[in-house]
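# Summary of structural features
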Amino acid sequence: AELFNIDQSKCFGLTISPERLQAIRVERMKQFGRSATQYGRLDNIKKEVSWIKNFYIRRGPTWPIIDTSNAGVVETAARIMEIMDRRKGDSLAASYVSLE
């Protein structure tokens, strides 16, 4: 519940396609010498992604949702900063961030 006690304009929802998340998890499991588990099963991942999307709709309806399926950390952070700058009315900063 701490999440809902902070400034909601600073909250963002991040999502990813189930297939991309599965690819990440399969690679992570290989790195740790693990075989297929529930953690990497596509049907379970689809349920997780669906659950979080529904959570965002119910609990964070004002949060911008950013799809990170094809974006790295830097690109995702730049997108968040762009949205924050636009909210502040700083269109120059927003246009600068979007060019990176």
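Below or above, wherever it landed, is the structure these notes cover. (Residues numbered from 1 in each chain as written. Predicted model: local features only at pLDDT ≥ 70, side-chain atom pairs only at ≥ 80, totals over all residues. Heavy atoms only, no water.)

Attention shifts here to the packing of aromatic side chains. The final tally for this structure, using the stated rule, is six aromatic pairs. Each ring, one from Phe4 and one from Trp63, has its centre 6.1 Å from the other, and the planes form 15°; the classification is stacked. Remark: Trp63 occurs in the loop between helix H2 (42-59) and strand S2 (65-67) and Phe4 occurs in the segment before strand S1 (13-15); sequence separation between them is 59 residues. According to the relative accessible area criterion, Trp63 is buried, its value standing at 7%. Both rings, one in Trp51 and one in Phe55, keep their centres 5.4 Å apart while their planes meet at 15°; by these two values the pair is stacked. Placement of the pair is Trp51 and Phe55 together in helix H2, with a separation of four residues, close to one helical turn. A relative accessible area of 15% places Phe55 in the buried class. Feature note: the residues Phe4, Trp51, Phe55, Tyr56 and Trp63 constitute an aromatic cluster, connected by ring pairs. (Phe/Tyr/Trp six-rings, centres within 6.5 Å; stacked < 30°, edge-to-face > 60°. Helix = DSSP H or I, 4+ residues; strand = E, 2+ residues; numbered from the N terminus. Buried < 20%, exposed > 50% of the residue type's maximum accessible area, 1.4 Å probe, protein only.)

A few words now on the packing of helix H1 (residues 18-31) against H2. Between H1 and H2, the shortest axis-to-axis distance is 9 Å and the interhelical angle comes to 125°. Relative to H2, the element H1 lies oblique. Pair H1 / H2 crosses with right-handed handedness. Contacts between H1 and H2 involve Pro18, Glu19, Leu21, Gln22 and Arg25 from the first element and Leu42, Ile45, Lys46, Glu48 and Val49 from the second. Taken together, the residues that form the contact of H1 with H2 break down as five nonpolar, one polar and four charged. (Axes fitted to C-alpha atoms, helices over the stretch in contact; angles between N-to-C directions. Parallel < 35°, antiparallel > 145°, perpendicular 65-115°, else oblique. Left-handed = near helix turned anticlockwise from the far one by under 90°. Contact = heavy atoms within 4.5 Å. Nonpolar A, V, L, I, M, F, W, Y, C, P; charged D, E, K, R; others polar.)

Further remarks concern H2. For H2, spanning 18 residues, the distance from its first C-alpha to its last is 25 Å, which sits close to the expected 26 Å at 1.5 Å a residue. Along H2, the positions that sit buried rather than exposed are Asn44, Ile45, Val49, Phe55 and Tyr56. Buried residues along H2 cover an arc of 135° about the axis, so they all sit on one side. Opposite its buried face, H2 presents the exposed residues Lys47, Trp51, Ile57 and Arg58, each directed more than 90 degrees away. Taken together, the buried residues of H2 touch S1, H1 and S2. (Expected span 1.5 Å × (residues − 1). Arc of directions from axis to C-beta.)

Moving on: the pattern of salt bridges. Proximity of charged atoms lets side chains of opposite charge pair with each other. Inspection of every chain in the model, using the stated rule, returns four salt bridges. One salt bridge connects Arg25 with Glu48, and the closest N-O pair in it is separated by 2.8 Å. With Arg25 in helix H1 and Glu48 in helix H2, this pair connects stretches of sequence that are 23 residues apart. Here Arg25 falls in the buried class, since its relative accessible area comes to 9%. A relative accessible area of 37% places Glu48 in the partly exposed class. (Salt bridge = Lys/Arg side-chain N within 4 Å of Asp/Glu carboxyl O.)

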